[in-house]
Structures are given as structure tokens and as C-alpha cells.
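Breakdown of the fold
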Amino acid sequence: MNISYSWLKEYLDIDLPAEEVGEILTSIGLEVGSVEEKESIPGGLRGLVTGHVVTCIDHPNSDHLHITTVDLGKELTPEGPIQIVCGAKNVAAGQNVIVATIGTTLHPVGGEPFTIKKGKIRGEESFGMICAEDEIGVGTGHEGIIVLREGIAPGTPASEIYPVHTDHIIEVDITPNRVDATSHYGVARDLYAYLKSHGRSVTLRKPEAPHVTGTNSPVEVSVESPEACFRYSGIVIKGIKVGPSPEWLRNALESIGQKSVNNIVDVSNYVLQAIGQPLHTFDYDKIAGGKVIVRLAVEGEKLTTLDGVERTLTDRDLVICDAEKPMCIAGVMGGLDSGVQAGTTALFIESATFHPTFIRKTARRNGLNTDASFRYERGLDPAGVPFALDWAVKLVLEVAGGEVSSRIYDLYPEPQEPYRVSLSLRKVSDLIGIEIPKEKILEILEALSIEVREDNGETLEVDVPRYRYDVTRDVDIIEDLLRIYGYNEVPFTTKLSSAITPKSDVDRSFSLQRVISEQLVGAGFVEILNNSLSKASYYPDEIERGEAVRLLNPLSNDLSTLRIQMVHGGLEVIDHNLKRQGANLRLFEFGNTYRRVSPEEQVPLRGFKETYTLGLWVTGDEFGPNWNKDAHRSVRPYFLSAIIENFLSRMGISDGEVQKAYIESDDLFDKGIELTFRGGKTFGRWGVVSERLLKTHDLDVPVYYAEFEWNTVIERVLGRTVTIKGVPKFPSVRRDFALLLDKNIDFAKVVEVSKKAEPKLIRDIVLFDVYEDPKHLPEGKKSYAVAFTLRDDEKTLSDKVIDKTMEKISQSLAKQLGASLR
């Protein structure tokens, strides 16, 4: 992409050498391929001066050449006028002309540069060249030489007659993720952030345009495919006159290699190159039925585009239509019949944002790559649509006349908010490898227009503008911080591993996953890995409710649906092994489950939920063949319960943090238990697999199954501080209670009430017996035998303190749970 340095300076008050600007842009990720000087007139008219034709006679050896003597002034020709052979028909004595002296390099329009040398033409010496417009690049005329007005002194530099503007063209290689930098203002925005954060006094000036107002509605605008068009705006201008662009507009576009077409098309191109928002102009009088409709094309619909090619559209191509036909391929190319022509007097100007995927696929299908599609397929910010339209209206009225004849149409059904990101300052230093002061981080974020919504000390809650499609995560912001702070500011270190690969929460989650895997393997489990695709027949209810994620073109019915639960894969493995004499199975698997959810949810994709899950399966005998064990005792639920308790303990989750609720029967279990963090989320459940599921998999043995939402567990344990305490100096004491309780009260509640009654001295509470004989206990009651361990870390406990403590616990249990001592 070509960036004009003069144009860039319209938005930034800087006066740095263009080469230095190129180096800065490269350092912040906008790699500069070259920086070239460009003059409005090629060659800058160097070596060209004015001359006065003193004499002009016919060439004796030619019927069309003339021999002239030309005065170039005393400084250039102190010995008097020089002889020049000229072939122009209009050359005559007494004229003031433009002369290329010996050694001058000319850059003719449409031709290759050449250098003027002393020579002989038909036997007569010539010491220069009298020039025409096209020969020196100031026009296209070649009917004769340039004849200047009278009164110009010989020897005057031609650059004083034809002003030459010098610019530098910076060629920037835009990476696919940096659509925000595909304009002069976008590059200026990044350059401003760097200069501002490095102590330069610089101001960023955004283009200005008054907001257009109107009340008329001469056309009806509608969006029938909102999934492909995020925002669509337009306006009608009447009474315009299509013609050549003014010099400033033509020069701006030609400086970056774009050809001037006419004033209307040039305005669209100018706004595109200035702020990166594509526009499209329709001939208002060619909009049939007074309707502008944004919709997906009908399969097989035809449209002849601006390049003269008739294209057959598919039902996945987004088009802008009138009441009868498509007028253009949205975001890619306009139609030949609906565009602006020399006789156009009224316009409908479009400014919009489209879904990148639709534009990219349409452009590829049709083999098109336009300036508009290049930007749309990378994603544009809908917030930029209204200003681009206001600015375009201002420029059209300025260069083509006319008046606004409608209100602004603005269809924006689902406004998009900034990206909300949580940024940990510790993660910034971990990932970059150095400590960047918080003040500097805040300064860079402000320069990048990233708003700090909430400052929580070590964590910043920030809003990232939507035009930064590539900055949606904390690591993206950290990358932005580093490129603006300066990659070269990070010193080399011998601890490359910590600087380059710091541990993130994902890394810590994986480390814990590996720890738990090793623990399960040590307990006799085997890890399995199943396909995420499973049978649709496993999920009839979910399919009916529209919750299943199904493939459009499955390879088979057995691989047609993304798994909603982990349980089926494990049951298939159990069935496979049992049929091959593989018994006493202990299995575990980590993997994702998938489900459709409300379109408002975004976890991580809008309308879809992906849950990382740990599944455990147990079946068969509790012990294998062994002379010292009962080889045929079937595994009991207590086995899996112990595995779960060890798993939670290894994760650092205590019994008091978990609340249990019994599951009488559901789609997964005949009997089970649901696990929830107190005051938090449900994170797991386990129990005996229902008979219905066992029959589905042709199993006739009981299977115990547990599943856990891994990320919910990880959220609970990450960030916890591990503290180390010395060996107690004072002894512990144990006291037991036999409590008579209602059957619906679980042990976790006993622990909670007891610890609230005496948080300082209780060190452990253990349930060592449960008695539920209805013959010896009142109806609806059960008995818990509970051991309390007490200890004071500052002194030895006396009997008096122990008795008082136990009495306090007893009273709390009686008051809050209705418990009594047996």
C-alpha cells in the first residue's frame, strides 16, 4: 500500500525525514518496503529554463526542420545565443520557450526518460532542445512547442513557471491482521501512538465533516440479510455535475499511483485511501422502483460488473439490488449499468460494513480483488460508517455541486460494542520479559485509543475499539504494548525461557491436567481418546430442541454430530473391551463437549458453547484375581467417590468448599450426586449410569461415571496462594460426638456450622461412622459419629477450654441443624 507523506502530514504535525518515518513504521509492525521521492512533474524540471528565440530560419537540408538561435541569459550563455535545431511547426523568432539544456534528463508522458546531448541534425549542430508539453511532463499536447507569455526573462528556471511539488511515497506492506492500517489516517494513528509514547510533542488531527441532516425519503432502503450486512447507510444527492476533479484531488490520488476518473469516483477513492472506509455511488435515476435492498443473490442470478464481465451469482453472494435486479456485488465490485456516467445528475451514496467471510468467499469465487474487498474481507468497524458518509457528502457538494435530497438512511440492527478485555499487569511483564512501568502502559493504551474502563491495581479492564479486529485478547494488547514501547527496548537475557515462554493460565491448566492424569494412572486408570464426532441417535432430545451441533455433510451417521456429553465415548470403549475379554475397566478422558446456545451468548463463538470436560468411567470387579482378596466383589460407588475426593484434594479443594445434591434420576444417571462450589457454579456430577444408556450401548454390567467441567475447577484454584506453616509446637486433642440428625442434612453442613462456631481451634472434622437403623432411631433420623481435632498454636489446650469449645459447637449444631447428642 502506498502512503503519501504529504497526505500523512495532514493528520500529524510532524517534520521528520521520510526515511526516519519509514524506520519507525517498520519498528511498530508496519513494514516499509521502500521510501521514494516523487515529484508532481517527473524529473522536477531540472535543467529546463526559459529561452528567447532570436532567429529562426529553415534548415537547408530538410523540408520541416528549423535552425534557431536562442538566448538563455547571460549566466547560461555568456557568449551569446546558442544554436538549436527544432522540428516544431509553430516555432518562430521572438517567442519565449522552454529549453532543455545539454545534460538534462527528460521524462516524457508515456515514454522512457532520455538525456539531451550535443549533436548534429542533418549536418547542423544543436546545443539543446525546445520542448513541447508532453516532452517535459506538464501536459499531453504535442502539436507544437510551448510558447510562453511575453516578459519572462531568459534563463528563468522552468520550475518557476510550472510549480513542482515534491512528496515521498512510503510503501507499507500490510499484514492480513492490520486492516486498521489500510489508510493514511490509520497509519497516522499508529505513528502518533509511537511518537506520543516516546516523548514527542505531536497532535493527531482527524478529518472533519459536518453531520448531514435531512427529512425526505425518496428511496426505500432495507436489509434482508442482516447476518451478512452489519450496518448499511446511504443518502441521496441531486443536481450534481460529473466532470474532471479539481487539481488537489487529482494530485492526491495520482501521488499514490491511482488514476483520476471523475470527480464523483475520485471522492469515493479519496475517502477510502484517507480513512479506509469503502464507499459506492449509484446513479439514482437508475434505481428501479425506488428501492435499495441488501440481500443474498438468487442462485443463478446474472450481473454484469464494471469490468464488463457477466457473472453468475450463487445464493451465498451478497448483492445490492433495486426492485428488479442486482445493482452491484456488495463490497466487491459495482454493476456496469448502475454506476455513475458522464450524464449522471443524482446519486445514491452507500457506506456500509459487511461480514468478512461473505465478501472473501464471493471475491474468491469471482476471481476479483478490489480495494474495497481487500478491506471488507479483513473486517471493518461499523462505527466508521456514518463519518465516511458525512465526509463524502461534503466533498461531493464541494467538487460536483448539488444538494442533499434525503435523510441519512442508517440500518444498524445490532450495534457492536468495543472488545472488553481484562489485562493483567503481571502477565504483561511475564510475557514481555521486562517490567514496563504502569504509567507507561497507561500512556501507550491512551495513545492507542484503548480506554481503561476500570483500574483494579494489578488488573486493567479495557475497551478496545472495534477497528482493531486483531486485538480481542490480553495477549493481543500485550503485543501492541510491546511494538509501541519498542522491541529494541527489551534487553537480551540469559533467561530466555522465562521471557519467551512465560506460564499463562492455559499453561497452568495443562500442568494441573498432567498432574491429575498421573494421579489417575497411579490409581489404575487408563487414558482414552475418543472422536469428538458421534452418533446423532445418542442425542434425540437435544436434536429436537435444536441444541445439537450437526455437520452439514457428514461422512456417515456415526460421525454426524459433535458430542454433547463425554459418557457415550467411554461406554463405547467399555463395550468394545468387554467383548474382547477386557474386564475391570478404569478409564478417563479429557476433551471438549459442544452445544448450541442462545445467539446472544458468545462462549467462545456466538451461539455455540464449548466445554472442556474430564470424564471418569469405572466398571467390573473392585479387585483383580488375587489369592488374598475377594476376586469377585463388584466395584462399589465408594471406590469412585474416593477417587473424586482424591482428585479434589490434589487440586487443593477442601470438602467444605463443595456442596452435594442428590440426583434421583435424569437422562444420565439412575442415582447420582451433583457437585457445586459453595456460593459458586456447579462443576461436576457422578453416579451410576442409567439403564437406558447401558441398553443403548448393549451393556449388562453396572457402570459408574463422573464428569467435571475442567475450566470451572481451574477458575476456582488458579491464583490461590500456597502458604507453608511450621510443625505445630503444641499438641492436638480429639473429641467425638454422636449426633442425631435429620436424614436430609449432609455432613458438609455439619462441618460448615461447626467451623463457624469455632473457627480458631478446629483443625479437622472427620465423619467415621453413619448409623441409620430405623428400629433403633426415630423416624427420619440418622446418626453421625464425628471426630473433632482441636489445637491452639499458641498454647496447650486445657480441659476447661476444650469442654467450653465442644459445648459451643454442640449448641450451634442444635440451634442451626436441630442436632442432638445421642
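Here's what I pulled together on the structure shown here. (Residues numbered from 1 in each chain as written. Predicted model: local features only at pLDDT ≥ 70, side-chain atom pairs only at ≥ 80, totals over all residues. Heavy atoms only, no water.)

Brief notes about the sheet that holds strand 26 (residues 451-455)
An order of 25-27-26 is seen for the three strands of this open sheet, with the pairing classed as antiparallel. Both edges of this open sheet fall to strand 25 (419-424) and strand 26, since each of them pairs with a single strand only. On average, adjacent strands in this sheet sit at an angle of 30 degrees to one another, irrespective of strand direction. Pairing analysis gives six bridges linking strand 25 to strand 27 (residues 459-464), with the strands arranged antiparallel. Its bridge partner lying in strand 27, serine 422 is registered against glutamate 461. Sitting on the sheet, helix 10 (residues 425-432) is in contact with strand 25 and strand 27, with an inclination near 75 degrees to strand 25. Lying on the sheet, helix 12 (residues 474-485) is in contact with strand 25 and strand 27; it crosses strand 25 at an angle near 70 degrees. (Pairing = 2+ DSSP bridges. Helix = DSSP H or I, 4+ residues; strand = E, 2+ residues; numbered from the N terminus. Axes fitted to C-alpha atoms, helices over the stretch in contact; angles between N-to-C directions. Contact = heavy atoms within 4.5 Å.)

Examining the nonpolar core
If you look at the biggest cluster of nonpolar residues, it comprises 80 residues, and the most contacted ones within it are Val21, Leu25, Leu191, Val396, Leu445 and Ile477. The leading source of residues in this core is helix 9 (residues 385-400), at ten residues. If sequence neighbours within four positions are ignored, leucine 25 has contacts with Leu30, Glu31, Val32, Ile170, Val172, Val187 and Leu191. Formed by 38 residues, the second largest nonpolar core is a distinct cluster that contains Cys328, Phe358, Ala363 and Leu380. (Core = buried A, V, L, I, M, F, W, Y, C linked by side-chain atoms within 4.5 Å. Buried < 20%, exposed > 50% of the residue type's maximum accessible area, 1.4 Å probe, protein only.)

A few points about helix 5 (residues 247-255)
Inspection of helix 5 places Leu249, Ala252, Leu253 and Ser255 among the buried residues, and these make up the whole buried set. Take helix 5 and look down its axis: the buried residues cluster within an arc of 165 degrees, on one side only. Buried-residue contacts for helix 5 involve strand 1 (2-4), helix 1 (5-8), strand 2 (31-39), strand 12 (166-173) and helix 6 (263-275). Taken from the residues just after helix 5, glycine 257 is the one with a positive phi, measuring 90 degrees. (Arc of directions from axis to C-beta.)

What to know about the environment of serine 62
In this structure, serine 62 sits in the loop between strand 3 (48-58) and strand 4 (66-71). When the C-alpha atoms of serine 62 and arginine 122 are compared, they prove to be 7.4 Å apart, with 60 residues separating the residues in sequence. Polar contacts involving the side chain of serine 62 include one to the main-chain amide nitrogen of leucine 65, which spans 3.2 Å. (Polar contact = N/O pair within 3.5 Å; in protein donor to acceptor, adjacent residues only side chain to side chain.)

Side note on the packing of helix 14 (residues 505-522) against helix 19 (residues 710-717)
One way to put it is that helix 14 packs onto helix 19 with a least axis distance of 11 Å and a crossing angle of 110 degrees. Judged by the angle between their axes, helix 14 and helix 19 are roughly perpendicular. The segment helix 14 lies against helix 19, with Ser509, Leu512, Gln513 and Ile516 engaging Trp710, Ile714 and Val717. Tallied by class, the residues present in the contact of helix 14 with helix 19 amount to five nonpolar, two polar and no charged. (Parallel < 35°, antiparallel > 145°, perpendicular 65-115°, else oblique. Nonpolar A, V, L, I, M, F, W, Y, C, P; charged D, E, K, R; others polar.)

Overview of the packing of aromatic side chains
Applying the stated criterion across every chain yields a total of 20 aromatic pairs. With centroids separated by 5.8 Å and ring planes inclined at 65 degrees, the aromatic side chains of tyrosine 270 and tryptophan 391 adopt a geometry described as edge-to-face. Residue tyrosine 270 is located in helix 6, and its partner tryptophan 391 is located in helix 9; the two are separated by 121 residues in the primary sequence. Accessibility expressed as a relative area gives 5% for tyrosine 270, which makes it buried. (Phe/Tyr/Trp six-rings, centres within 6.5 Å; stacked < 30°, edge-to-face > 60°.)

Overview of the pairing of strand 33 (residues 658-663)
Pairing of strand 33 with strand 34 (residues 669-677), which is carried by six bridges, proceeds in the antiparallel orientation. When the sheet's bridge partners are listed, isoleucine 663 is paired in strand 34 with glycine 672. Between strand 33 and the antiparallel strand that follows it, strand 34, lie five residues.

With respect to the side chain of arginine 483
The residue arginine 483 is located in helix 12 in this model. In this structure the side chain of arginine 483 is engaged in a polar contact, spanning 2.9 Å, whose partner is the side chain of aspartate 190.

What about the environment of leucine 585?
Counting through the fold element by element, leucine 585 comes out in the loop between helix 16 (567-578) and strand 31 (586-596). Between the C-alpha atoms of leucine 585 and lysine 729, which are 144 residues apart in sequence, the distance is 46 Å. The residues contacting leucine 585, other than those within four sequence positions of it, are Ile574, Asn577, Trp617, Val618 and Thr619.

Some remarks on the pattern of salt bridges
For side chains of opposite charge, pairing can occur when their charged atoms come near one another. One pass over the structure, following the stated rule, counts 41 salt bridges. Two residues, arginine 426 and aspartate 430, come together in a salt bridge whose shortest N-O distance is 4.0 Å. Of the two residues, arginine 426 and aspartate 430 are both situated in helix 10; the distance of four residues between them amounts to about one turn of the helix. Taking the shortest distance from any N to any O, the salt bridge between arginine 734 and aspartate 736 comes out at 2.9 Å. Arginine 734 gets classed as partly exposed once you look at its relative accessible area, which sits at 48%. One salt-bridge network, in which partners are shared between bridges, spans Arg178, Asp180, Asp190, Arg468, Asp470, Asp480 and Arg483. (Salt bridge = Lys/Arg side-chain N within 4 Å of Asp/Glu carboxyl O.)

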